[in-house]
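Examining the three-dimensional arrangement
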Amino acid sequence: MTQQSSSNETRTSAVKIAFGAMALVCLVAGLVIYLFAEQFGFSEETAQIVAIAFLAAGAGDYLVLKFWDRIAGRR
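Everything in this summary refers to the structure shown in the same document. Please read all numbers here as calculations on a predicted model, not as lab measurements. (Residues numbered from 1 in each chain as written. Predicted model: local features only at pLDDT ≥ 70, side-chain atom pairs only at ≥ 80, totals over all residues. Heavy atoms only, no water.)

**Topic: the packing of aromatic side chains**
We describe a pair of aromatic rings using the distance from one ring centre to the other and the angle between the two ring planes. The final tally for this structure, using the stated rule, is two aromatic pairs. Pairing Phe-19 with Trp-68 gives two aromatic rings, centres 6.1 Å apart and planes at 40 degrees, and the pair type is tilted. Of this pair, Phe-19 sits in helix 1 (residues 2-35) while Trp-68 sits in helix 4 (residues 68-72); the two residues are 49 residues apart in sequence, bridging distant segments of the chain. For Trp-68, a relative accessible area of 18% gives the class buried. (Phe/Tyr/Trp six-rings, centres within 6.5 Å; stacked < 30°, edge-to-face > 60°. Helix = DSSP H or I, 4+ residues; strand = E, 2+ residues; numbered from the N terminus. Buried < 20%, exposed > 50% of the residue type's maximum accessible area, 1.4 Å probe, protein only.)

In structure tokens form, the structure reads like this:
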């Protein structure tokens, strides 16, 4: 039974790392798109909308990471 619990902890750690990495990638992507909108061919309004969408996705990933134990503990 300890081997199964160790396996579950490993999976949980991997999921937490994945959500943390996704949150960081979303935040960086939003910042890069906002700062370099002209080079990507976006108008200022479009760049703001896309950047806000990435920031919202990053915030969502962070919230899932923050409440992961509550979410996964319901099984």
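**A closer look at a nonpolar patch on the surface**
There is a patch of nonpolar side chains on the surface, built from Val-28, Leu-31, Val-32, Tyr-34, Leu-35, Phe-36, Phe-40 and Phe-42 and spanning about 760 Å² of accessible area. Among the elements that make up the nonpolar patch, the one with the highest residue count is helix 1 (five residues). As for its placement among the helices and strands, Phe-40 is situated in helix 2 (residues 37-40). Its relative accessible area of 48% is what places Phe-40 among the partly exposed residues. (Patch = residues over 30% accessible without salt bridge, like charges linked within 9 Å, V, L, I, M, F, W, Y side chains within 5 Å. Areas by Shrake-Rupley, 256 points an atom, 1.4 Å probe, with all protein chains shown as cover. Salt bridge = Lys/Arg side-chain N within 4 Å of Asp/Glu carboxyl O.)

**Structural notes on the side chain of Asp-61**
Here Asp-61 lies in helix 3 (residues 44-66). Although buried, Asp-61 forms no salt bridge, and the nearest oppositely charged side chain, Lys-16, lies 15 Å from it. Those residues in contact with Asp-61, other than ones at most four positions away along the chain, are Phe-19, Met-22, Ala-23 and Cys-26. (Lys, Arg positive; Asp, Glu negative; His and termini not counted. Contact = heavy atoms within 4.5 Å.)

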